[in-house]
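Descriptive structure summary
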Amino acid sequence: MDFSLTEEQELLRRTAREFLAAECPPAFVRRLASEEDGFSSSFHRGISALGWPGLVVPEAYGGQGLGFLEAALLLEEFGRAAAPGYFAPSYVLAAAALRSASPRLARSWLPRLATGEAIGTVALFEESELLDARGVTGRARRTRGGFVLRGKKLFVPYARVADFFLAPFRLGSGIPLFFVPKETPGIRIEELSSYDLTRRLYEVHFHDVRVPEEHALFPKASPWSTFDGLLLLGALAVSADSLGGAESMLERSVEYSKVRQQFGRPIGSFQALKHMAAEMWVEIEFSRPLVWYAAHLCDTQPRRASVAVSMAKARTSEVFSSVADRAVQMHGGIGFTWEHDLHFWYKRAMANRAAYGDPAFHRERVVSEGLEGRRHASP
Amino acid sequence: MDLRDSPEERALRKKVRAWLRRNVPRELRDGPGAEYGDPARIEAAKRWQRKLYEAGYVAMGWPREYGGQGADLRTQTIVNEELVRARAPSLIGMMGIQMVGPTLIQWGTEEQKRRFLPPILTAEEIWCQGYSEPGAGSDLASLQTRAELVGDEFVVNGQKIWTSNAQFADWMFCLVRTDPEAPKHRGISYLLVDMKSPGITVRPLVQMTGDAGFNEVFFEDVRVPRKNLVGELHDGWRVANSTLLHERNMLGSATRTRQLFDRLCRLARTRERNGRKAIEDPFVRQRLGDLFARVEALRLDSYRQLSEAVRGSTRPTAASMTKLVGTELNHEICALALELLGSYAPLTRRSRRAIDRGIWAWEFQFTLGMIIGGGTSQIQKNILAERGLGMPRG
Ligand SMILES: Cc1cc2nc3c(=O)[nH]c(=O)nc-3n(C[C@H](O)[C@H](O)[C@H](O)COP(=O)(O)OP(=O)(O)OC[C@H]3O[C@@H](n4cnc5c(N)ncnc54)[C@H](O)[C@@H]3O)c2cc1C
């Protein structure tokens, strides 16, 4: 039994932390926030050079062939830096789903994804925001040699910079995922204005969009080419991000408490703040094993990972939200300004809480699956 | 990362499980359940520990020459997990096994180890902890119980308080002031005191649960042989702190928490609330889901700590975190159980209407005591903020 990271994993973490500290400091996050699509091609080139887009892409397709645990470690660092948020949808979710695509589709897209030449995203949710099969009302119709898709998807990350979408549509009694290149006629994209300036969300309309036969991904070998599978991976990714975000807010608050003076002494010497910080720290430290374990199960026993992922998502969302609140309070007025960097994380916490199932949704799954043994059928 | 059992571990698990299924005494299941006020219960609890020891499942990690098996941490974890599964009672010799035992292994002389360790395992000698005094609780280092070295003996005078189990303990590990002139942390020594020594008076204190679980202990010219000093003279603070770390890990133990949580789930599945099974109530489900995730986090963190210990990279503040999180979680688990019980919550086990033998109200109170004992939650937070996060003292 071993519940620790390997040297390679530790190295990945360190490399990521150093790279992001240099390339993605708060000033960069701020600059990106005011840019058109929240995207920087030079930053993107930087992460591509490190091979991170291909982290979970099999080596045969030019990726690194690593697992979700490595991805989680990396995403934690991205969360810590409040880095732009297309990494998870593209390089974790889309890459994982495409692993079970037809050989031709996989051969033509995975290598491009792995080098960073292409960016993908997932379009899972609709207006109703129901997080199961009921929530998928968009329809696919079979035509000669392919399908016609019609529907609206909301909360699609980075739709403008992505080169393709993976989206579920109803087809008879099943709900396959469809691979849709962005340039396909019939697609219309609208930005959803969001307070979270570090991540862009869009609404994507599919109006009689035609895709060939091989662009349908039917759940086969991989559990990740389903709505439920991607929901889980998304929840895992956001959990790791929240962990890093919370950690970063705590560190900033503790540092500030050592330098800011009131009543003739550093505010960090006041016990009210010490206890707040200690509680934040403990909550964070006890979230970490949940994230690692969930990621580890996604790698080793994907069909048993769901309860662990739900535990991680529920806890990290709660912890990040409440750490964020307390971090701002520990800063006083300065923490409430636009000038100060703290609000980037604060808003990320708000968004993370809601993304891929809120804490209440996941706690319910913990009980129904973890205590009552009910299985959530993959659509 | 690899959490699977190896084939040998799987075999061990199976063997332990089978043994426990046959041997855990029904009347002690989930115990202690009530304090050890009753001599018959004490005897039963000692018999259980002895039996478990003879089966080879007590303190397996201790070196062979002192009655252990030199087993690795993983083996011990497997046995602990199986004890929880089997709803085995916690051991009456806990403070010996988990606190003074490991301290002696680290700091004791060879003679002390050979003399004191084996009877801890067999429950032939039960230990209590003489740290707190009326004037020295959170500020433990201000303790005043005096010990003067006269020839080959210490002569001890003073008073301890809140001493759990002193009413039936055979030995006490005790902090005394040997150098009143030195700064407060530097004049303390760590003694092993025979509770049958002349001059010791034990006066029971009744806890809020109604059990006489702890005591006042008075020392009047009590003679303790010099060979019962652990560590160097005046250097007891360091020894005491290593016992405190063991105590914190014991109090925050993931296995105890899991046992309580499993029991809460059994209650939620059977108990009716608002005309349906409690577990069907969405609000109860939300809270169960939250508690389950936190119980699981405690378990996984204990694996993480185990792996760190194996690599020799223990985080210095880990024990404080475990104590803080584990004891507060235990109390919250009990609080939810009380809500499920509604009007039945405060009934004692003497009432025939009591549900679950009235155990929850007792546990609810007992778990509050554990938040205070072993260093209060506030003290743990001070430690975490100052030593862990480096926030300024003052
Ligand atoms: C059930 C139970 C069993 C026990 N068993 C034993 C035993 O076997 N042996 C033994 O030696 N002791 C035992 N104790 C004693 C226990 O260790 C002390 O009660 C504990 O350390 C607190 O000390 P105190 O009671 O003097 O409270 P105090 O130290 O007076 O604390 C009162 C309050 O002040 C707070 N406080 C104190 N100092 C600070 C500070 N610096 N910062 C913030 N808050 C502070 C505390 O957190 C607490 O809320 C037991 C206690 C209980 C409840």
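Everything here concerns the structure above.
Presented here is an overview of the structure given in this document. (Residues numbered from 1 in each chain as written. Chains lettered and ligands numbered in written order. Predicted model: local features only at pLDDT ≥ 70, side-chain atom pairs only at ≥ 80, totals over all residues. Heavy atoms only, no water.)

1. Some points on the overall build of chain A
Just so we agree on the cut-off: Helix numbering and strand numbering both begin at the N terminus, where a helix is a DSSP run of H or I of at least 4 residues and a strand a DSSP run of E of at least 2. Radius of gyration here is computed from C-alpha atoms only, and the compact-globule reference equals 2.2 Å multiplied by the residue count raised to the power 0.38. For the exposure calls, accessible area comes from a 1.4 Å probe over protein chains only, and a residue counts as buried if that area is under 20% of its type's maximum, exposed if over 50%, partly exposed in between. Whether two residues are in contact is decided by their heavy atoms: any pair within 4.5 Å suffices. For accessible areas, the Shrake-Rupley method is used with a probe of radius 1.4 Å. Any residue's cover is judged against the shown protein chains and nothing else. Positive charge is attributed to Lys and Arg, negative charge to Asp and Glu, and no charge count is given to His or to the chain ends. A charged residue contributes its charge at one atom only: NZ of Lys, CZ of Arg, CG of Asp or CD of Glu.
A tally of regular secondary structure across chain A gives twelve helices and ten strands. Computed over C-alpha atoms, the radius of gyration of chain A comes to 21 Å, within 12% of the 21 Å expected from 2.2 N^0.38 for 379 residues, which places it in the range of a compact globule. Projecting the C-alpha coordinates of chain A onto the three principal axes gives extents of approximately 80 × 45 × 40 Å. Here chain A holds 379 residues, and 61% of them are scored as buried. Restricting to contacts in chain A with at least 6 residues of sequence separation, those with at least 24 account for 73%. Here chain A has roughly 14500 Å² of accessible surface; of this, 53% comes from carbon and sulfur atoms. Here chain A contributes 45 positively and 44 negatively charged side chains, and the mean placements of these two sets differ by 4 Å.

2. Some words on the sheet that holds strand S6 (residues 187–192) of chain A
Residues and elements named next belong to chain A. Which entries qualify depends on this criterion: Here a strand pair is declared whenever DSSP counts at least two bridges between the two strands. For helices, the fitted line uses only the C-alpha atoms of the stretch in contact; every axis is such a line through C-alpha atoms, and the angle between N-to-C directions lies from 0 to 180 degrees.
Read from one edge to the other, the open sheet built from four strands follows the order S2-S3-S7-S6, with strand pairing classed as antiparallel. The open sheet has two free edges, formed respectively by strand S2 (139–143) and S6, since each of these has just one partner strand. Averaged over all adjacent pairs, the angle separating strand axes in this sheet is 15°, with direction ignored. Sheet topology places S2 next to strand S3 (residues 146–157); five bridges connect them, and they run antiparallel. What sits directly across from Arg 141, in S3, is Val 148.

3. Side note on the layout of surface pockets
What counts here: A cavity here means a set of 1 Å grid points, computed over protein atoms only, where a 1.4 Å probe fits but cannot escape. A pocket is an open set with protein on both sides within 12 Å along at least 5 of 7 lines, and lining residues have an atom within 4 Å of a point. Grid points are joined across faces, edges and corners, and a volume is the space filled by probe spheres set on the points. Three categories are distinguished: nonpolar for Ala, Val, Leu, Ile, Met, Phe, Trp, Tyr, Cys and Pro, charged for Asp, Glu, Lys and Arg, and polar for the others, with Gly belonging to the last.
Put simply, the second largest pocket is a space of about 690 Å³. What lines the second largest pocket is a set of 30 residues, and nearest its centre among them are Arg13(A), Glu247(A), Glu285(A), Arg288(A) and Arg304(B). Those elements giving two or more residues to the lining of the second largest pocket turn out to be helix H1 (7–23), helix H7 (227–259), helix H8 (271–285) and helix H9 (288–300) of chain A together with helix H8 (282–310) of chain B. Looking at the lining of the second largest pocket element by element, the count peaks at six residues for H7(A). Across the lining of the second largest pocket, the residue classes break down as ten nonpolar, four polar and 16 charged.

4. Considering the packing of aromatic side chains
Aromatic ring pairs are described here by two measures, namely the spacing of the ring centres and the angle between the planes. This is how it is decided: Paired rings are identified among Phe, Tyr and Trp, the last through its six-membered ring, by centres lying within 6.5 Å, and are further divided according to the angle between planes into stacked (under 30 degrees), edge-to-face (over 60) and tilted (the rest). Here, a charge over a ring is recorded when the distance from Lys NZ or Arg CZ to the ring centre is within 6 Å and its angle to the ring normal is within 35 degrees.
According to the stated counting rule, one finds 32 aromatic pairs over all chains in the structure shown. A centroid spacing of 6.1 Å and a plane angle of 70° characterise the contact between Trp52(A) and Phe78(A), whose relative ring orientation is edge-to-face. Taken together, the positions of Trp52(A) in the loop between helix H3 (41–49) and helix H4 (68–80) and Phe78(A) in helix H4 put the pair 26 residues apart, joining distant regions of the chain. Accessibility assignment for this pair places Trp52(A) and Phe78(A) in one class, buried. A ring pair is formed by Phe116(B) and Trp127(B), whose centres lie 5.6 Å apart and whose planes are at 75°; its orientation type is edge-to-face. Pair noted here: Phe116(B) is in helix H5 (residues 110–121) and Trp127(B) is in strand S1 (residues 127–130), with a separation of eleven residues, a long-range link. One aromatic cluster is present, formed by Phe19(A), Phe28(A), Phe39(A), Phe43(A), Trp52(A), Phe78(A), Tyr86(A), Phe87(A), Tyr91(A) and Tyr158(A) through successive ring pairs. The ring centre of Trp360(B) lies 5.6 Å from the NZ or CZ of Arg263(B), which sits over that ring.

5. So, the site of the ligand
The condition is simple: Residues are labelled near a given molecule or strand when at least one of their non-hydrogen atoms is within 4 Å of it. Polar contact is the term for a pair of N or O atoms within 3.5 Å; when the atoms are in protein, one must be able to donate a hydrogen and the other to accept it, and sequence-neighboring residues count only if both atoms are side-chain atoms.
Around the ligand, a shell composed of 20 residues is seen, among which Gln271(A), Ser132(B), Ser138(B), Trp162(B) and Thr376(B) lie nearest. Looking at what sits near the ligand, you find residues from chains A and B. Residue Ser132(B) places a main-chain N or O atom 2.7 Å away from an oxygen atom belonging to the ligand. A distance of 2.6 Å separates an oxygen atom of the ligand from a polar side-chain atom of Ser138(B). When isolated, the ligand has an accessible area of 960 Å², and the protein chains bury 67% of it. Put simply, the parts of the chain that give the shell around the ligand at least two residues each are helix H10 (359–372) and helix H11 (377–388) of chain B. The residue inventory of the shell around the ligand, partitioned by class, reads six nonpolar, 14 polar and no charged.

6. A closer look at the pairing of strand S4 (residues 171–177) of chain B
All names here are of chain B. Counting buried positions over the seven residues of S4 gives seven, a clear majority of the element. Sheet topology places S1 next to S4; four bridges connect them, and they run parallel. Bridge assignment links Cys 128 to a residue of S4, and that residue is Met 172. Sheet topology note: the S4/strand S5 (residues 188–194) ladder contains seven bridges and is antiparallel. When the sheet's bridge partners are listed, Cys 174 is paired in S5 with Leu 191.

7. Looking at the environment of Met95(B)
All names here are of chain B. Position of Met 95 among the secondary structure elements: in helix H4 (residues 94–107). Relative accessible area serves as the criterion here: at 12%, Met 95 is assigned to the buried category. C-alpha of Met 95 to C-alpha of Ala 385: the two residues are 290 residues apart in sequence and 28 Å apart in space. Every residue in contact with Met 95, bar those within four places of it in the chain, is listed here: Val 100, Trp 127, Cys 128, Gln 129, Ser 164, Asn 165 and Phe 173.

8. Regarding the packing of helix H9 (residues 318–341) of chain B against H10(B)
Residues and elements named next belong to chain B. In plain terms, the rule: In what follows, roughly perpendicular refers to angles from 65 to 115 degrees, roughly parallel to angles under 35, roughly antiparallel to angles over 145, and oblique to any angle outside these ranges. By convention the crossing between two helices is left-handed if the near helix lies anticlockwise of the far one by an angle smaller than a right angle, and right-handed if it lies clockwise.
Running from amino to carboxyl end, H9 crosses H10 at an angle of 160°, the nearest separation of the two axes being 9 Å. By the angle between their axes, H9 is roughly antiparallel relative to H10. Between H9 and H10 the crossing geometry is left-handed. In this structure, H9 uses Lys 323, Thr 327, Glu 328, Asn 330, His 331, Ile 333, Cys 334, Ala 335, Ala 337, Leu 338 and Leu 341 to contact H10, whose residues at the interface are Trp 360, Ala 361, Glu 363, Phe 364, Thr 367, Leu 368, Met 370, Ile 371 and Ile 372. Across the contact of H9 with H10, the residue classes break down as 13 nonpolar, four polar and three charged.

9. Things to note about the interface of chain A and chain B
How big an interface is tends to be stated in terms of the accessible area lost upon association of its parts. Convention followed: Buried area adds together the accessible area that both of two parts lose upon being put together, with accessible area traced by a 1.4 Å probe. Salt bridge, as applied in this entry: a Lys or Arg side-chain nitrogen positioned within 4 Å of an Asp or Glu carboxyl oxygen.
In this assembly, 45 residues from chain A lie in contact with 48 residues from chain B. Where chain A abuts chain B, roughly 4300 Å² becomes buried across the two surfaces, and 67% of that area is made up of carbon and sulfur atoms. Three residues, Met1(A), Phe286(A) and Leu371(A), lead the burial of chain A against chain B; their summed loss comes to 19% of the area buried on that side. At the surface where chain A touches chain B, the tally comes to seven salt bridges. Run the count over chain A and chain B and you get 17 residue pairs in polar contact (both at pLDDT 80 or more). Elements with a contribution of two residues or more to the side of chain A that touches chain B: H7, strand S10 (265–266), H8, H9, helix H10 (306–331) and helix H12 (359–371) of chain A. With ten residues, the top contributor of residues to the side of chain A that touches chain B is H8(A).

10. Topic: the pattern of salt bridges
Applying the stated criterion across every chain, the model contains 65 salt bridges over all chains. In this structure, Asp290(B) and Arg315(A) form a salt bridge, with 3.5 Å as the shortest nitrogen-oxygen distance. Linking Asp290(B) in helix H8 with Arg315(A) in helix H10, this pair reaches from one chain into another. Residue Asp290(B) is classed as buried on the basis of its relative accessible area, which comes to 19%. Judged by relative accessible area, which is 15%, Arg315(A) ranks as buried. The partner of Asp2(B) in a salt bridge is Arg4(B), and the shortest N-O contact between them spans 3.1 Å. When its relative accessible area of 60% is taken as the criterion, Arg4(B) is described as exposed. Three or more residues are tied together by salt bridges with common partners; here these are Arg17(A), Glu76(A), Glu77(A), Arg80(A), Glu247(A), Glu251(A), Glu285(A), Arg288(A), Asp301(B), Arg304(B), Glu308(B) and Arg315(B).

11. As for the nonpolar core
Condition: Within this scheme, the nonpolar core is defined by two criteria: the residues are buried Ala, Val, Leu, Ile, Met, Phe, Trp, Tyr or Cys, and they are joined through side-chain atoms within 4.5 Å.
The biggest cluster of nonpolar side chains holds 157 residues, and the ones touching the most others in it are Trp52(A), Phe261(B), Leu264(B), Leu288(B) and Trp360(B). Sort the elements by how many residues they give to this core and H7(A) lands first, with 15 residues. Ignoring sequence-local partners within four residues, the contact set of Trp360(B) consists of Leu260(B), Arg263(B), Leu264(B), Leu267(B), Ile333(B), Cys334(B), Ala337(B), Leu338(B) and Leu341(B). In this structure, Val16(B), Val58(B), Tyr131(B) and Leu175(B) belong to the second largest nonpolar core, which totals 48 residues.

12. What about empty space enclosed by the protein?
Residues and elements named next belong to chain A. Enumeration over the complete set of coordinates arrives at four cavities of 30 Å³ or more. Size it by volume and the largest cavity reaches roughly 60 Å³. Lining the largest cavity, in full, are Cys 24, Phe 28, Val 29, Leu 32, Ala 33, Gly 38, Ala 82, Pro 84, Tyr 158, Leu 197 and Thr 198. The residue inventory of the lining of the largest cavity, partitioned by class, reads nine nonpolar, two polar and no charged.

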